[in-house]
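Listed here are the chains, written in short residue letters.
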Amino acid sequence: MKKPILTGILLLYLFLPGVLTGSGSDDFRLSKAKAEAEVELGLDSSERRFYRPNLQFSFPLKSGLIFVKMMYDQRISSRLQGEVDFWLKMGLRRAFVENLFLEASLNHMCRHISSEDYSKILDLNELIGEVWLSHNNYRLGLGLGTYLGGSASYKGLVLLNFEFPKILNSEFSLVGEVKLLDFEEILHEIELFAGLSEGVDLFIRNARHYEYKNTTYLGIRLKSDGKAESLVEHLRFRWGYYPFDDVYKAFASKEIKLEFFKTSRRRVLFSFRGIIPILESKGLFTGQFRPERLRYPLSMEYEKKAGDELFVFGYWRYEILMPIDVAEEFSSNLGVGVGMRNLPNFYRLSRNLRVEFFAGYNFGHKYDLGGAAGINTLKKGFNIGAEFHFRVNPDQLKIAIDLFCEMGRAVKIRPFMRWESRSYSDHEDSSDDRILFGIQFISWF
């Protein structure tokens, strides 16, 4: 496949005049920024569990949109060992004529394995130009692509996407993607799902991914669409770069927080987070993005309003720590405790002064203390602020100071700079100090 062909498609896409646009599709064109989340859970044909969270932020343009999508596909055994495919997709989509769209995207993919030695890291970058035809009853996409860097030896691909929602007015839908690599190898992902409600799907999916065997997946998908939006408190994604550190290159985390039984005085909160520190390897845009571990903090809180500026809560938190690409067992810890805050969510800039504090017992390392304080402006379009965070237990002390600005409406965009320090109690003079530059996306529901 010739790269000039793809380059021509991308140039056409980028410079096509907006006056040629048509009415298009609601899903493909937005009037305001939007955040979406999906979480899949189930079993595969190798009798392993899989976990597939997917978070996307979309920002409208005059005749299209920009989107950022983060997803990882994890297959794990009963010992929490298995492959993890990380995907980061960034792209632009623009209307051409009525129901016809052009899309350009850069997709980064890398595969790692939890709790197992793995030196052959699969790492690739797809650069794709695609034409989409979108109607109420179907959506079709045809694209060409090439590869930029990475460990894979592929040169080009042809891409076919299709979506057939609510076939014959039933609750069943069919979606799929087929990739032809170098006109020699075929990859695919084809899924049939039944929509139980606007926010819940049951699905069966057959897929063959890069350098991976053909596998069938059966599971349930929870989505933030439709009525399920009333259960989502916020979606949050953070990414940062350590410019002066010899150990870590970058950091990424995503959070989905749900609220149940909400009244004017109380609510129950469930938080699902994924935290990934990425090891240093020859700078930001060179070398592999190799995660050190996967950290899953899960928590439940019962919160009750005790005053105009006082909210008290009880919590339990369970944290799983999975080493990546090394033969080390996973570890976990469980904690319970109480806390207080002066607003429902510390990260929402609804007060000039924000505070939060918690204290409890941890079954892995005895006690656990932590908290945060923040100050900020309260303007509609643009705010600046600073935050202080700390957490201490018998093993270590963590401190962080953030300076940030925040802009946006439906989706808040928060560039920040952080200084963080860790001190360890297992031996003397054991401490780490780091500078992090990053960006955060937050959407409140």
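So, a few notes on the structure that sits alongside this text. (Residues numbered from 1 in each chain as written. Predicted model: local features only at pLDDT ≥ 70, side-chain atom pairs only at ≥ 80, totals over all residues. Heavy atoms only, no water.)

**So, unusual backbone geometry**
Phi at glutamate 211 is positive, roughly 50°, even though this residue is not glycine. Tracing the sequence through the fold places glutamate 211 in the loop between β11 (200-208) and β12 (215-223). Positive phi, normally seen in glycine, also occurs at lysine 366, with a value near 65°. (Helix = DSSP H or I, 4+ residues; strand = E, 2+ residues; numbered from the N terminus.)

**Observations regarding the packing of aromatic side chains**
Counted by the stated rule, this structure contains 20 aromatic pairs. Through a chain of ring-to-ring contacts, three or more aromatic side chains come together here, namely Tyr51, Tyr72, Phe86 and Tyr296. For arginine 205, the ring lying beneath its charged end belongs to tyrosine 217, and the centroid distance is 5.4 Å. (Phe/Tyr/Trp six-rings, centres within 6.5 Å; stacked < 30°, edge-to-face > 60°. Lys NZ or Arg CZ within 6 Å of the ring centre and 35° of its normal.)

**Details of the pattern of salt bridges**
In this structure the tally under the stated criterion is 41 salt bridges. The partner of arginine 205 in a salt bridge is glutamate 40, and the shortest N-O contact between them spans 2.8 Å. Of the two residues, arginine 205 sits in strand β11 while glutamate 40 sits in strand β1 (residues 34-44), which places them 165 residues apart along the sequence. On the accessibility criterion, arginine 205 (1% relative accessible area) is buried. As a salt-bridge pair, aspartate 85 and arginine 111 come within 2.6 Å of each other at their nearest N and O atoms. With aspartate 85 in strand β4 (residues 82-97) and arginine 111 in strand β5 (residues 100-114), this residue pair connects regions lying 26 residues apart in the sequence. As far as burial versus exposure is concerned, aspartate 85 and arginine 111 are alike and both buried. (Salt bridge = Lys/Arg side-chain N within 4 Å of Asp/Glu carboxyl O. Buried < 20%, exposed > 50% of the residue type's maximum accessible area, 1.4 Å probe, protein only.)

**As for the sheet that holds strand β3 (residues 64-76)**
Taking strand neighbours around the barrel as the criterion, the twelve strands line up as β1-β2-β3-β4-β5-β6-β7-β8-β9-β10-β11-β12 in a closed arrangement whose pairing is antiparallel. This sheet shows a mean twist of 20° between the axes of neighbouring strands, independent of strand direction. In this structure, strand β8 (residues 156-164) lies alongside strand β9 (residues 172-181), joined through eight bridges in antiparallel fashion. Paired with leucine 157 across the strands is leucine 181, a residue of β9. (Pairing = 2+ DSSP bridges. Axes fitted to C-alpha atoms, helices over the stretch in contact; angles between N-to-C directions.)

**Quick look at the pairing of strand β22 (residues 382-392)**
Of the pairings in the sheet, the one linking strand β21 (residues 366-376) to β22 comprises eight bridges and is antiparallel in character. In the strand pairing of β22, leucine 369 is matched with valine 392. Count of turn residues in the β21/β22 antiparallel hairpin: five residues. Of the pairings in the sheet, the one linking β22 to strand β23 (residues 396-407) comprises eleven bridges and is antiparallel in character. From the neighbouring strand, arginine 391 faces β23, where its bridge partner is lysine 398.

**Comments concerning a nonpolar patch on the surface**
A contiguous nonpolar surface patch, about 730 Å² in accessible area, is contributed by Leu140, Phe164, Ile167, Leu168, Phe172, Leu192, Ile204 and Leu218. Take phenylalanine 172: it is sitting in strand β9. (Patch = residues over 30% accessible without salt bridge, like charges linked within 9 Å, V, L, I, M, F, W, Y side chains within 5 Å. Areas by Shrake-Rupley, 256 points an atom, 1.4 Å probe, with all protein chains shown as cover.)

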